[in-house]
Amino acid sequence: MRRILLVALFGVGMTAGIVDAQPQYPTKPVEIVVGFAPGGGADVAARLTAAYASKKWGQPVNVVNMPGASGITGTLHVLRARPDGYTLFFDNHAVSSMLFAVQGDVPYKMDGKTPIALVTLDPVIYTVKDDSPWKSLGDVAAAAKANPRAFRYALGGIAGVASFSVSQFLYAAGVPVPETNRVVFPGGAPALTALAGGHVDFAGQQWSESGGLILGRKIRGLTVVHPARLPGLPDIPTAREAGFPGLDVVGWQGLSGPPGLPAAIVQKWAALVEEAAKDPAFLEQALRVNKVIAYKGPEAFWRFQQEELKKYLPLATRLGIRK
Amino acid sequence: MDTLGFLFQGFGQALTPQNLFFALIGSVLGTLVGVLPGIGPTSGIAILLPLTSFLPPTPAIIMLAAIYYGAMYGGSTTAILVNIPGEVSSVVTTLDGYQMARQGRAGPALAIAAISSFVAGTLGLVGLTFFAPPLADVALRIGPPEYFGLVVLAFSVVVSLSGASLVKGLSAAALGALLALVGLDPMSGVRRFTFGTSTLLSGIDFIAVIIGLFAITEVLVGVEASITAVSTAALGRLMPRWSELRRCGGTLLRATGVGFFLGLLPGCTPGAISFISYDLERRVSRTPERFGRGAIEGVAAPEGANNATTSGGFVPLFALGIPATPALAVLLSGLMIYGLQPGPLLFEKRPEFVWAVIASMYVGNVMLLVLNLPLVGLWARLVRVPYAVMAPLILLFSVLGAFSVRNSFGDVGMALAFGAVGYLMVKLGYPTAPLVLALILTPMLENALRQSLSMAAGSPLIFVTRPIAVVFIGAGLALTAWSLLGRPRRRTT
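Residues numbered from 1 in each chain as written. Chains lettered and ligands numbered in written order. Predicted model: local features only at pLDDT ≥ 70, side-chain atom pairs only at ≥ 80, totals over all residues. Heavy atoms only, no water.

Caption draft 1: Structural context of the pairing of strand β2 (residues 61-65) of chain A. All names here are of chain A. Burial within β2 is extensive, with four of its five residues counted as buried. Sheet topology note: the strand β1 (residues 30-34)/β2 ladder contains five bridges and is parallel. Pairing of Val30 across the sheet is with Val61, part of β2. Read as a crossover between parallel neighbours, the route from β1 over helix α2 (residues 41-57) to β2 is right-handed. (Buried < 20%, exposed > 50% of the residue type's maximum accessible area, 1.4 Å probe, protein only. Helix = DSSP H or I, 4+ residues; strand = E, 2+ residues; numbered from the N terminus. Pairing = 2+ DSSP bridges. Right-handed = clockwise from strand over helix to strand, strands pointing away.)

Caption draft 2: View of the interface of chain A and chain B. Of the residues lining the interface, 43 residues belong to chain A; the matching set on chain B comes to 44 residues. Interface area, chain A with chain B, both sides summed: about 3,600 Å², of which 63% is carbon and sulfur. At the surface where chain A touches chain B, the tally comes to two salt bridges. For A:Asp105, the salt bridge identified is with B:Arg191, shortest N-O distance 3.2 Å. (Contact = heavy atoms within 4.5 Å. Buried area = accessible area lost by both parts, 1.4 Å probe. Salt bridge = Lys/Arg side-chain N within 4 Å of Asp/Glu carboxyl O.)

Caption draft 3: Region of the structure containing the confidence of the model for chain A. Residues and elements named next belong to chain A. The pLDDT averaged across chain A works out to 87; a share of 93% of its residues lies at or above 70. Taking the mean pLDDT of every element in chain A, the minimum, 47, falls on helix α1 (residues 2-21) and the maximum, 96, on strand β8 (residues 219-224). Of the regions scoring below 50 in pLDDT, residues 8-20 engages in zero contacts with residues more than four places distant in sequence or in other chains. (pLDDT = per-residue confidence, 0-100.)

Caption draft 4: How the structure looks around unusual backbone geometry. A cis amide bond links A:Tyr25 with the next residue in sequence, A:Pro26, at an omega value of -5 degrees. Among the secondary structure elements, A:Pro26 is positioned in the loop between α1 and β1. Although it is not a glycine, A:Asn290 sits at a positive phi angle of roughly 60 degrees. Topologically, A:Asn290 is positioned in the loop between α10 (280-288) and β10 (292-296). The exposure class assigned to A:Asn290 is buried, which follows from its relative accessible area of 8%. Unusually for a residue other than glycine, B:Phe193 sits at a positive phi of about 50 degrees.

Caption draft 5: Quick peek at the packing of helix α5 (residues 91-102) of chain B against helix α6 (residues 106-140) of chain B. All names here are of chain B. Running from N to C, α5 and α6 cross one another at 145 degrees; their axes reach a closest spacing of 7 Å. Here Gly97, Met100 and Ala101 of α5 come into contact with α6, specifically with Ala106, Pro108 and Ala109. Looking at the contact of α5 with α6 residue by residue, the class counts come to five nonpolar, one polar and no charged. (Axes fitted to C-alpha atoms, helices over the stretch in contact; angles between N-to-C directions. Nonpolar A, V, L, I, M, F, W, Y, C, P; charged D, E, K, R; others polar.)

Caption draft 6: Representation of the nonpolar core. Ranked by internal contacts, the top residues of the largest apolar core, which has 245 residues, are A:Phe169, A:Phe202, A:Trp269, B:Phe314 and B:Phe318. Non-local contacts of A:Trp269, meaning those with residues more than four positions away in its chain, are made with A:Tyr25, A:Val30, A:Ile32, A:Ala53, A:Trp57, A:Val61, A:Leu88, A:Ile116 and A:Leu255. Formed by 28 residues, the second largest nonpolar core is a distinct cluster that contains B:Leu81, B:Ile84, B:Tyr98 and B:Leu110. (Core = buried A, V, L, I, M, F, W, Y, C linked by side-chain atoms within 4.5 Å.)

Caption draft 7: Representation of the pattern of salt bridges within the structure. All names here are of chain A. Overall, the coordinates contain 26 salt bridges over all chains when judged by the stated rule. Glu307 is the partner of Lys310 in a salt bridge, and the nearest nitrogen-oxygen pair spans 3.4 Å. Of this pair, Lys310 and Glu307 both sit in helix α11 (residues 298-319), three residues apart, roughly one helical turn. With a relative accessible area of 57%, Lys310 lands in the exposed category.

Caption draft 8: Local environment of helix α10 (residues 206-224) of chain B. Residue and element names in this part refer to chain B. The terminal C-alpha atoms of α10 lie 26 Å apart, and with 19 residues this matches the ideal 27 Å at 1.5 Å per residue to within 8%. Gly212 marks where α10 bends most, by close to 30 degrees. The element α10 is largely enclosed, with a buried count of 15 among its 19 residues. Its side-chain oxygen 3.0 Å from the backbone nitrogen of Ile207, Asp205 forms the N-cap of α10. Positive phi appears at Ser226, one or two residues downstream of α10, with a value of about 35 degrees. (Expected span 1.5 Å × (residues − 1). Bend = angle between axes of the 7 residues up to and from the residue. Polar contact = N/O pair within 3.5 Å; in protein donor to acceptor, adjacent residues only side chain to side chain.)

Below, the structure is given as structure tokens:
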């Protein structure tokens, strides 16, 4: 009996020894796939996170862009990858909630992935041209209601933040949405360029897209959809202050992996993001690219995504953009 | 302080050993990503973006900007030598550049490409230096109806690219337009011609198509004709003659004008600008029949326009924070990571930074010229390499290039398929350039048309009530009519 016990103990010791001797993840370069072209909101957040992780772990963490099909191409690539922690992706509002609200047959399942952590929020700012007579969201609502056929607004893409942010506002204001003029652009930058040029009257894009033109006084921010006013833009009231407390469309970026990603790897990444979210240098960088750091761990991140989908599904159906 | 004062101060910064070093690194890397098909300045800049966490802002942005304009120098190299456009904007360069190479004039073609890039790039920088903020406001006035007019103008080029048969040229253009419609509808998200596959969902990648149509087709045709090398003609002089340079003088001024002003407009596809510049040259030329058969202006015009476009693109970037191209979008995130939010305030608050970067671009262009001219002799020899060695290498680089655009095997398949399409087109006498042009222009046409109509609650009157749009549309129709009327006469000469 004692011998058996000894052998067993020895065995356990050995196994423990082997586990200890195994080098820690990551032992080779990690790839973080972004389903969009370089330079966009998800890309910048991914690169900041990747740089933080590389520095921390001493292993290269590379961002790989696989743009196409509203982010579906890159997302599919990762969902089909081996769940070894060396292929992850930067998840965002478009590929994980808005696309599902708009399309009934997205070629992957929302729960077919391993959520790791929410990293950043990119709040919506409702904007008009800098010399617009409209000084508040209430002015816009009144004008659009009085003459919906003359009301023109820009959307930076059909399955993006703006589709939902602008329509949510118009519904809340009681504007007859089908009568208004929706002008769709290939992205946030061209949409806001058209606003600055006076070719459209109104937009509701993200902070990362609008910040520069607001500071440059080409467009004016009327309201920001966030619990508090944004740093650097103290004059723009929140939706609650503007009298539209129901507005809650938001852009976000987070980290997810293929299905069946080992818990240890998920925890390691989540802990890293949590730590980064407290690092003053990281916070400073995020602020500069107009992002709000908002860490949520794996479970909270998953619940957040489900809440998001619940928000957008009825909006898409009502708008008639769901297919 | 006036502009010149700021610029001289900028040179003081740009000429420090550290900043010179990073401009050089950027120029070399830019040339390299330009030469390699598929790897463009966008991925080049994106790959080096993490370096921004180690470098101070000025040298980092100097380096990233140099990658961008350096790539325009490199893009012409493979276009001329082996008919592979290294970048979208070098597609037109293949038309006359490759013909020059086959005639044993690869040297002068490469040299004029570098010289044109330098001259037009530098002239464009002068525009950037003196007029950036006011020009940026002008660019904002160009909206969807005006872009629609510009596309109509650009489409008039199809007629002159058609070659012998107008029907064949228009058919090729129609095929290009059809291919451009594959993927998600930009306005409604409806899937078009995707046949339920996820590969086609993302649309047909432009680079994959041109790699197929140009490089792979060329290899198939070359192998079939059992050519022994791209060119067997004696390698003549490497530099263009003085008379040729003089002939390109006017070309370069026009190319700078077209490239810089269209480059200011964030909604104008850069690939289309080189086509417009090429077409303009053929129209003003007294001997338009030389174009497509190795005319040196046919290389100078698109290469000059490319680089002027690059300089023009920095105007909306610095003055408004609006990126005109995907590569500039990456550069913008680089600026933002440093807290350098572009816009009118950037010129006021951080003049030392803006002017150091602008001055470094003058320096970088000189470096690129000095770097590229000596390489001409080396590159030009490549056309004599036995085709049995070259053909597999071209195929290898084609496949790598098609893959690296979006890291997708679907694009490799697409490039191979378009190699076959291109081969059939060549055999049946269909020109490929109109297909490429229509592929570039159709998305812009569709967006501009539908945006304009939505702006006006569906009324097409918007195209006749906006003066700038009227001018563009009128010019496009007039040029088309001019080309159509000119055709029979041109055939008999």
